[in-house]
Amino acid sequence: MTYRGVVLDLDGTVYRGNELLPGAAETVDAIRARDISLCCCSNNPTKTRAEYVDRLAGMGVEIDEGEVLSAGTVTTDYLVAEHGGDDCFLIGSPGLRDQLADAGISLIDEPTAADVVVASWDREFGYDDMTDGLRALADPTTVFVGSDPDRTVPASNGRSVPGSGAIIGAVAAVADRDPDRVMGKPSPEAIDAVRDALDISPGECLLVGDRLDTDIAMGERAGMTTALVLTGAADHDDVADADVTPDHVLDDIGDVPALLG
């Protein structure tokens, strides 16, 4: 099949931690050579589009800001569209805080005054944050939003570290309620953002990622062809047990050009 668009996950697919994975640069070159539209879609909410461009450039991969989507951009766009006039209490990283502030979201420091609580990854997350989440969400009318569902993310040493999903889960447990919405892949908001970015029929797109429950699930829901790489979260045993089935299972991203036609 010949594709007109490719959606690439980043963490665990293009790079792991600060290390570019084998074949990643060559795959981006192959996408360019075939004049295929590219969307780099990450569930890491902590970086702006410009920061992703700079990070990849430092690894030798050139992309444009318009080719980047993240859980941070999806979360920000959702809040602007649905809660633009509301007061937001954030449990999350300085990077996500900057994205929300730059978009004009009203960020407050008093949890009990919040109309919306956003929970996300934060390296400094601790007991006080859980206490703030409990206080903020004691009012059942307060909207609870998570930035993305990833409980773990790949690290450079071959191991994984806790992600946003772990922190969202902790806040949800102490507040005794599930989030009202979780952004990032595989949410409907993320699917819509990818469709808008590529402006190509999903049936003509290939999605490449390392997670079954987010990457492959999003591609399947959107009607895209999916390819799972085994350089991140999932292995062959996970594929056999999963609720979703990738169309292709690849050792790494270096196998992608053979699928491009």
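Nothing here was measured: the structure is a model prediction, and the numbers come from that model.

**What to know about the domain arrangement of the protein chain**
Link 1 in the chain: With domains assigned, the protein chain is organised as domain 1 (5-43 + 185-259) and domain 2 (84-182).
Link 2 in the chain: Taken over C-alpha atoms, the centre of domain 1 sits 26 Å from the centre of domain 2.
Link 3 in the chain: Across the boundary between the two partners, domain 1 contributes 15 residues, which contact 13 residues of domain 2.
Link 4 in the chain: Roughly 990 Å² is buried in total at the junction of domain 1 and domain 2, and carbon and sulfur atoms are behind 38% of that figure.
Link 5 in the chain: Where Glu189 meets Arg181, a salt bridge forms, and the shortest distance between an N and an O atom there is 2.1 Å.
Link 6 in the chain: Here domain 1 is connected to domain 2 by 3 residue pairs in polar contact (both at pLDDT 80 or more).
Link 7 in the chain: Split into classes, the residues belonging to the side of domain 1 that touches domain 2 amount to 1 nonpolar, 7 polar and 7 charged.

**Remarks on the pattern of salt bridges**
Link 1 in the chain: For the structure shown, the criterion picks out 11 salt bridges.
Link 2 in the chain: Note that Asp150 and Arg211 form a salt bridge whose closest N and O atoms lie 3.8 Å from each other. Highlighted residues: Asp150 in the loop between strand S9 (143-146) and strand S10 (152-154) and Arg211 in the loop between strand S13 (205-209) and helix H8 (212-222), separated in sequence by 61 residues. As far as burial versus exposure is concerned, Asp150 and Arg211 are alike and both buried.

**Quick word on the sheet that holds S9**
Link 1 in the chain: One open sheet holds the 5 strands; their spatial order is S7-S6-S8-S9-S12, and the pairing between them is parallel. Unpaired on one side and paired on the other, strand S7 (106-107) and strand S12 (181-182) mark the two borders of the sheet.
Link 2 in the chain: As paired strands, strand S6 (residues 87-91) and strand S8 (residues 116-119) are joined by 4 bridges and run parallel to one another. Bridging across to S8, Cys88 finds its partner in Val116.
Link 3 in the chain: Strands S8, S9 and S12 of the sheet are contacted by helix H3 (residues 71-83), whose axis makes an angle of about 175° with S8.

**Side note on helix H4 (residues 94-102)**
Link 1 in the chain: Among all positions of H4, only Gly95, Leu96, Gln99 and Leu100 are buried. One side of H4 holds all its buried residues, which, seen down the axis, span an arc of 135°. Turned more than 90 degrees away from the buried face of H4 sit Pro94 and Asp102, all of them exposed.
Link 2 in the chain: Positive backbone phi, at 90°, marks Gly104, one or two positions downstream of H4.

**Details of the pairing of strand S1 (residues 5-8)**
Link 1 in the chain: The side-chain alternation of S1 yields two buried faces, one formed by Gly5 and Val7 and the other by Val6 and Leu8.
Link 2 in the chain: Note: S1 against strand S4 (residues 37-42), 4 bridges, orientation parallel. Note on S4: the bridge partner recorded for Leu8 is Cys40.
Link 3 in the chain: Two elements, S1 and S13, share 4 bridges in a ladder whose sense is parallel. Looking at S13, one finds that Gly5 is bridged to Cys205.

**Considerations on the layout of surface pockets**
Link 1 in the chain: Counted as a void, the largest pocket has a volume near 580 Å³.
Link 2 in the chain: Along its surface, the largest pocket is lined by 28 residues, and Asn44, Trp121, Val153, Val161 and Pro162 are the ones closest to its centre.
Link 3 in the chain: Breaking the lining of the largest pocket down by element, the ones donating at least two residues are S10, strand S11 (160-162), helix H6 (164-175) and H8.
Link 4 in the chain: Here the lining of the largest pocket gathers at least three residues from each of two domains, domain 1 (5-43 + 185-259) and domain 2 (84-182).
Link 5 in the chain: As for the second largest pocket, its lining consists of Arg151, Arg211, Leu212, Asp213, Ala233, Ala234, Asp238, Ala242, Asp243 and Val244.

Rules used throughout
- Residues numbered from 1 in each chain as written.
- Predicted model: local features only at pLDDT ≥ 70, side-chain atom pairs only at ≥ 80, totals over all residues.
- Heavy atoms only, no water.
- Domains from an automatic or database assignment.
- Contact = heavy atoms within 4.5 Å.
- Buried area = accessible area lost by both parts, 1.4 Å probe.
- Salt bridge = Lys/Arg side-chain N within 4 Å of Asp/Glu carboxyl O.
- Polar contact = N/O pair within 3.5 Å; in protein donor to acceptor, adjacent residues only side chain to side chain.
- Nonpolar A, V, L, I, M, F, W, Y, C, P; charged D, E, K, R; others polar.
- Helix = DSSP H or I, 4+ residues; strand = E, 2+ residues; numbered from the N terminus.
- Buried < 20%, exposed > 50% of the residue type's maximum accessible area, 1.4 Å probe, protein only.
- Pairing = 2+ DSSP bridges.
- Axes fitted to C-alpha atoms, helices over the stretch in contact; angles between N-to-C directions.
- Arc of directions from axis to C-beta.
- 1 Å grid on protein atoms, 1.4 Å probe; cavity = no way out; pocket = protein on both sides within 12 Å on 5 of 7 lines; lining within 4 Å.
- Points joined across faces, edges and corners; volume = space filled by probe spheres on them.

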